[in-house]
Each structure stands twice: as C-alpha cells, then as structure tokens.
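Overview (structure and organization)
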Amino acid sequence: MGYPVGKVAALSGVTVRTLHHYDELGLLSPSGRTAAGYRSYSDDDLDRLQRVLFYRELGFGLETIAKVIDDPAVDAMEHLRRQRELLAERIGELTRMAETVERVIAAKEAGAALTAEERFEVFGEFREPDGYAEEAVRRWGDTPHWRAATLPRSKQDWIEAEKLREDWVRRLLAVFDSGAPADGREAMDLAEEHRRMLAEFMGDCDLATHRELARLYATEPVQLGFLVREPDQRPGLGEYIRDAVHANAERFTG
C-alpha cells in the first residue's frame, strides 16, 4: 500500500516541506511513485520515518541519524531496543529535571511564606540573594537532608526561629570577643548547639555534614550572612565557627 506525501505528513505530524527535505538529503526517499509521478511511501518507509523522528526528538543531528539508521549491523529489532534504552535514559533525565523544579518551587515557597512586611518585621534589612534558592537546589537538592528539611511556615514559626538564631549569635559573639579559643569548651558547646538547631529542620545533621556546612561559613560570605548578619560579623568569625565545629566533631569521634 502506498501513501501520498500529504497523508504521510498528516500521520507523522511533520510538514510536506520537511518530507521533501528528507528526500533531498537521502534520509528518507519514498519507495515508489504514482502514475502521475508523485511520491508514494511504503510501510517500510513509514517505519524508517518513525526512527528518524525518534532520534531527532532526542536531539540527534540529521547526519548522525542517517549513519545510525543506515548501519548495516543494526536491524529493526536492534533499533527498537536502542530506542527503548534511549527512552529510559530520557525518562530518567526528565524525572530528575522535574524533581529539581519541584525542589526549587519548594524553596521559593518557603521563602515566600511571609509577606514583604512580615519579612521586614522578622528579618529587618536582611534579604536572601537573588537566585539563592536555585543555587541551593543545585548544591544540596539531591541530598537526603534537603528532602527531609521542614522550614518554618508561619510568621510565628519564623519569629521563633529568628529568636533562636539571634540568641545563639549573641552568645557566640560573647565567646569570640572574649578571646576564647575555637577548640575551647564554650565554643565547642555552641558548635554542638548549632548542629542540633540545624537538625531541627534538616531531620538529621551528623558531624560530617555539620563540618561540611561550617566550612562554607569560612569560604562563602553569603552562607555566613544567613547565620550571622553583616552588622554582627567580625574579621575571622567564619573561620572561628568552622574551627569550633571541627573541634566539636573531633571530641565526639576521637
């Protein structure tokens, strides 16, 4: 049975012009012609078109597609198996993309739990940097800690969380300003308290994870700013927190 080019275009969802282009490239030439000289496609031609469109959908260039489907070592069943494998890979990629988008949405929703007025009331002038939610998802989105995190949702929850942070920072600065060493008892106790505070919304914060997070306080000002607001920061404070956290981990692990 032969199919005219218009029918093939309707069945496949591509334009007649595209089919003519494939013919000119030798990628898909119709097997026959009608008595009037028009293109006529066979069932085998439609199978080939299906393979062309499949590989094109996956982003293959037309030259690459021609080499793949003309490979004499690959029969029709092998093409189907290859398509199944590629589809499974694409499904995995799309699933991971969807999960990432969901995590970004969750991060933004958590940040948008307060109105602008409420955010000012709770956090004052402090604002999360633009794009931070996306960066946080890129860095931690696949970790079990991120998936288990339960950030404050209501205004009162945020107020209580901010009070805890402010009280902890006040006591940290008192120890830091006194000249007490980062591996001293007071600093290590504050580090352990900080770890337990993180565990409240992370679900868990083991010593290794705490050390990794604390390293960021010494290397990334943005991360330090979330814990200690800029007006309260001191030179070397990020390194002090990091060292106290490391010392605290060592006293538990030996």
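Our structure's up above, just so we're on the same page.
Scope of this entry: the structure provided in the associated data block. Sequence order as written defines the numbering, with residues in each chain counted from 1. A pLDDT threshold of at least 70 governs which residues receive local features in this predicted model, and a stricter bar of 80 or more applies before side-chain atom pairs are shown or counted, although totals over entire chains, interfaces and linings include all residues. To obtain the side-chain values, all non-hydrogen atoms of the structure were used and water was disregarded.

Bringing the overall build of the protein into the picture now. A run of H or I in DSSP becomes a helix once it reaches four residues, and a run of E becomes a strand once it reaches two; helices and strands are each numbered from the N terminus. A tally of helices and strands in the protein yields 13 helices and three strands. Three exposure classes are used, based on accessible area relative to the maximum for each residue type with a 1.4 Å probe and protein chains only: buried under 20%, partly exposed in between, and exposed over 50%. Burial analysis of the protein (254 residues in total) assigns 37% to the buried set. Sequence-distant contacts in the protein: of pairs separated by 6 or more residues, those separated by 24 or more amount to 62%. Carbon and sulfur atoms form 54% of the exposed surface of the protein, whose accessible area is close to 15300 Å². We call two residues in contact whenever any of their non-hydrogen atoms come within 4.5 Å of each other. Method for areas: the Shrake-Rupley scheme with a 1.4 Å probe, in which residue coverage is limited to the protein chains shown.

Take the sheet that holds strand β3 (residues 39-41) next. The pairing criterion for strands is at least two bridges between them, as found by DSSP. Read from one edge to the other, the open sheet built from three strands follows the order β1-β3-β2, with strand pairing classed as antiparallel. If you trace the sheet from one side to the other, it starts and ends with β1 (3-4) and β2 (32-33), each paired once. With two bridges joining them, β1 and β3 adopt antiparallel strand pairing. In the sheet register, Tyr 3 faces β3, and the bridge partner there is Tyr 41.

Below, the discussion takes up the pattern of salt bridges. When a carboxyl oxygen of Asp or Glu lies within 4 Å of a side-chain nitrogen of Lys or Arg, that pair is called a salt bridge. The final tally for this structure, using the stated rule, is 14 salt bridges. Its salt-bridge partner being Arg 48, residue Asp 70 comes within 2.9 Å of it at the nearest N-O pair. Of this pair, Asp 70 sits in the loop between α4 (62-69) and α5 (76-111) while Arg 48 is found in helix α3 (residues 43-57), placing the two residues 22 residues apart along the sequence. Residue Arg 215 is joined to Glu 212 by a salt bridge in which the shortest nitrogen-to-oxygen separation is 2.6 Å. Within this pair, Arg 215 and its partner Glu 212 are both found in helix α11 (residues 207-219), separated by three residues, close to a single helical turn. Overall, the relative accessible area of 36% leaves Arg 215 in the partly exposed class. Looking at Glu 212, the relative accessible area reads 42%, which means it is partly exposed. The network of salt bridges with common partners includes Asp 167, Arg 170, Arg 171 and Glu 193.

What follows is about the nonpolar core. Here, nonpolar core refers to any group of buried Ala, Val, Leu, Ile, Met, Phe, Trp, Tyr and Cys residues whose side-chain atoms link them within 4.5 Å. Residues Leu 172, Val 228, Leu 237, Tyr 240 and Ile 241 are the most contacted members of the largest nonpolar core, which totals 21 residues. When contributions to this core are tallied by element, the ones reaching two or more residues are α9 (155-177), α10 (185-202), α11, α12 (221-227) and α13 (237-253). Once residues lying within four places of it in the same chain are set aside, the contact partners of Val 228 are Arg 165, Val 169, Leu 172, Gln 233, Leu 237 and Ile 241. Formed by 20 residues, the second largest nonpolar core is a distinct cluster that contains Val 8, Tyr 22, Ile 65 and Ile 69.

This part is about the packing of α10 against α11. Axis definition: a line fitted to C-alpha atoms, limited for helices to the stretch in contact. Angles are taken between N-to-C directions and run from 0 to 180 degrees. Where α10 contacts α11, the axes come no closer than 11 Å and their chain directions differ by 105°. Taken together, the axis directions place α10 and α11 in an arrangement best described as roughly perpendicular. Of the residues in α11, those in contact with Ala 191, Glu 192, His 194, Arg 195, Leu 198 and Met 202 of α10 are Leu 207, Thr 209, His 210, Leu 213 and Tyr 217. Along the lines of polarity and charge, the residues of the contact of α10 with α11 split into six nonpolar, three polar and two charged. The scheme is simple: roughly parallel for angles under 35 degrees, roughly antiparallel for over 145, roughly perpendicular for 65 to 115, oblique for anything else. Under the scheme applied here, ten amino acids are nonpolar (Ala, Val, Leu, Ile, Met, Phe, Trp, Tyr, Cys and Pro), four are charged (Asp, Glu, Lys and Arg), and all others, including Gly, are polar.

Bringing the environment of Ala 214 into the picture now. Structurally, Ala 214 can be placed in helix α11. In this structure, the C-alpha to C-alpha distance between Ala 214 and His 246, residues 32 residues apart in sequence, is 8.2 Å. With residues up to four places along the chain from it excluded, the contact list for Ala 214 reads Arg 242 and Val 245.

So, about α10. Helix span is expected to be 1.5 Å times the residue number reduced by one. For α10, built from 18 residues, the straight-helix expectation of 26 Å at 1.5 Å per residue is met to within 8% by its first-to-last C-alpha distance of 25 Å. Where α10 is concerned, the buried positions are Ala 187, Met 188, Leu 190, Ala 191, Glu 192, His 194, Arg 195, Leu 198 and Met 202. Within two residues after α10, Gly 203 carries a phi angle of roughly 85°, on the positive side.

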